[in-house]
Amino acid sequence: MLEIVDLHVEVGSKEILKGISLTIPDGETHILFGPNGSGKTTLMMSIMGLPKYKILSGKIIFNGIDITYMPTHERAKLGIGMMFQKPPAIRGVELKKLSEIIKSLRNTDVDVDEYARILNLEEHLSREVNLGFSGGEIKRSELLQLICQRPSLVLLDEPESGVDLDNITLLGNMIKKLLKGEKVRKRQTSGLIVTHTGYILEYVNADKGHILIDGKLVCSGPAKDLFEEIRQNGFGRCEGCLQDII
Ligand SMILES: Nc1ncnc2c1ncn2[C@@H]1O[C@H](COP(=O)(O)OP(=O)(O)OP(=O)(O)O)[C@@H](O)[C@H]1O
């Protein structure tokens, strides 16, 4: 599904990712942990192909296609979808209109009104995307757009941050459905999720976790075990690991 090979990425003339190699097979969900500023969002944005994230070297292969230098909209068409940590507001475009555009991009038959109802976004459909939305409403709006796209690789950057406990349950269950619900064009959906709180682990069946420190993946293993280690000891021992491989 996704294969990243020795990826080096620069942002604002600073090298942030320093040789990432990562494989996410069909149907697997991987969790990305790491301290603030370690490069988690940078990795997500690089997979999505945002222009600010300059690939210095390495490769990103998606379903056998080299997408390293492919524009973002082409990646979205291929089936890579992302829930952004801080998505922008889109003036002049209503959420319903954007949802329909996303549907047509991937030729999906998602019932926008029905999912808007489930996500408590019925009134938001006629509003400009994310403009004046609360933090939790933005997350639900992002999720509605993802559902419309029906991606085969789902990238979620801190999906639960700023969301109240009731809405975490709603969001968590919808994400679970999105990841495990059905085959998308003969492929099982895969996921890469960034989390600090670990709430999302209650909802998704995480196959593997990875710890990113200072632009390098320093550790991989069972996601819940890694989270427990971080919860108890912080990233201190991981930093020790990093010392060993420098
Ligand atoms: N335009 C820029 N110029 C210089 N440095 C940048 C720029 N954009 C991002 N960075 C730096 O890149 C580093 C990695 O940022 P990134 O958002 O990927 O971290 P993160 O692991 O997602 O952090 P968090 O957990 O806080 O969300 C940070 O130190 C950030 O300040």
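Please refer to the structure higher up on the page.
In this text the structure is predicted, and so the values were computed from the model without any measurement. (Residues numbered from 1 in each chain as written. Predicted model: local features only at pLDDT ≥ 70, side-chain atom pairs only at ≥ 80, totals over all residues.)

What to know about the packing of helix 5 (residues 135–149) against helix 6 (residues 165–180)
Selection rule: Note on geometry: axes are lines fitted to C-alpha atoms, helical ones only across the stretch in contact, with angles between N-to-C directions running from 0 to 180 degrees. Only DSSP runs of H or I reaching four residues or more are called helices, and only runs of E reaching two or more are called strands; each is numbered from the N terminus. For classification purposes, an angle smaller than 35 degrees is called roughly parallel, one larger than 145 roughly antiparallel, one from 65 to 115 roughly perpendicular, and anything else oblique. Should the near helix be turned counterclockwise from the far one by less than a right angle, the crossing is left-handed, whereas a clockwise turn marks it as right-handed. Contact criterion: two residues are in contact if their C-beta atoms, reconstructed from the backbone, are within 7 Å. In this count, Pro and Cys sit with the nonpolar residues alongside Ala, Val, Leu, Ile, Met, Phe, Trp and Tyr, while Asp, Glu, Lys and Arg are called charged and the others, Gly among them, polar.
Taken N-terminus to C-terminus, the directions of helix 5 and helix 6 make an angle of 15 degrees; their axes are 11 Å apart at the nearest point. Of the possible angle classes, the one that applies to helix 5 and helix 6 is roughly parallel. Crossing angle aside, the handedness with which helix 5 passes helix 6 is left-handed. Each of Gly-136, Lys-139, Arg-140, Leu-143, Leu-146 and Ile-147 in helix 5 lies in contact with helix 6, whose residues at this interface are Asn-167, Leu-171, Met-174 and Leu-178. Of the residues assigned to the contact of helix 5 with helix 6, the class counts are 6 nonpolar, 2 polar and 2 charged.

Description of the sheet that holds strand 1 (residues 2–11)
Let me state the cut-off plainly: Should DSSP find at least two bridges between two strands, the strands are regarded as paired.
One open sheet holds the 4 strands; their spatial order is 2-1-4-5, and the pairing between them is antiparallel. Each end of this open sheet is capped by a strand with a single partner; those strands are strand 2 (14–24) and strand 5 (65–66). Helix-sheet contacts for helix 1 (residues 40–48) involve strand 1, strand 2 and strand 4 (54–62), and the interaxial angle to strand 2 is about 70 degrees.

Observations concerning the packing of helix 3 (residues 95–106) against helix 5
Where helix 3 contacts helix 5, the two axes come as close as 7 Å, and the packing angle between them is 30 degrees. Here helix 5 runs roughly parallel to helix 3, going by the angle between their axes. Helix 3 and helix 5 meet at a crossing whose hand is right-handed. Only Ser-141, Leu-144, Gln-145, Cys-148 and Gln-149 of helix 5 make contact with helix 3, whose side of the interface consists of Leu-95, Leu-98, Ser-99, Ile-102, Lys-103 and Arg-106. Its residues assigned to classes, the contact of helix 3 with helix 5 shows 5 nonpolar, 4 polar and 2 charged.

Observations concerning the site of the ligand
Which entries qualify depends on this criterion: Each residue receives a C-beta atom built from its backbone; the residue is near a molecule or strand if that atom lies within 6 Å of it.
By nearness alone, every residue bordering the ligand is listed as Val-11, Gly-12, Lys-14, Ile-16, Gly-34, Asn-36, Gly-37, Ser-38, Gly-39, Lys-40, Thr-41 and Thr-42. The element that contributes the greatest number of residues to the shell around the ligand is helix 1, accounting for 3 residues.

Re the environment of Gln-149
We count it as follows: Exposure classes come from backbone-placed C-beta atoms, where a residue is buried if 20 or more other C-beta atoms lie within 10 Å of its own, exposed if 12 or fewer do, and partly exposed in between.
Structurally, Gln-149 is set in helix 5. The exposure class of Gln-149 is buried, given the 24 C-beta atoms found within 10 Å. Setting aside anything within four residues of it in sequence, one finds Gln-149 in contact with Ala-76, Gly-81, Ile-102 and Arg-106.

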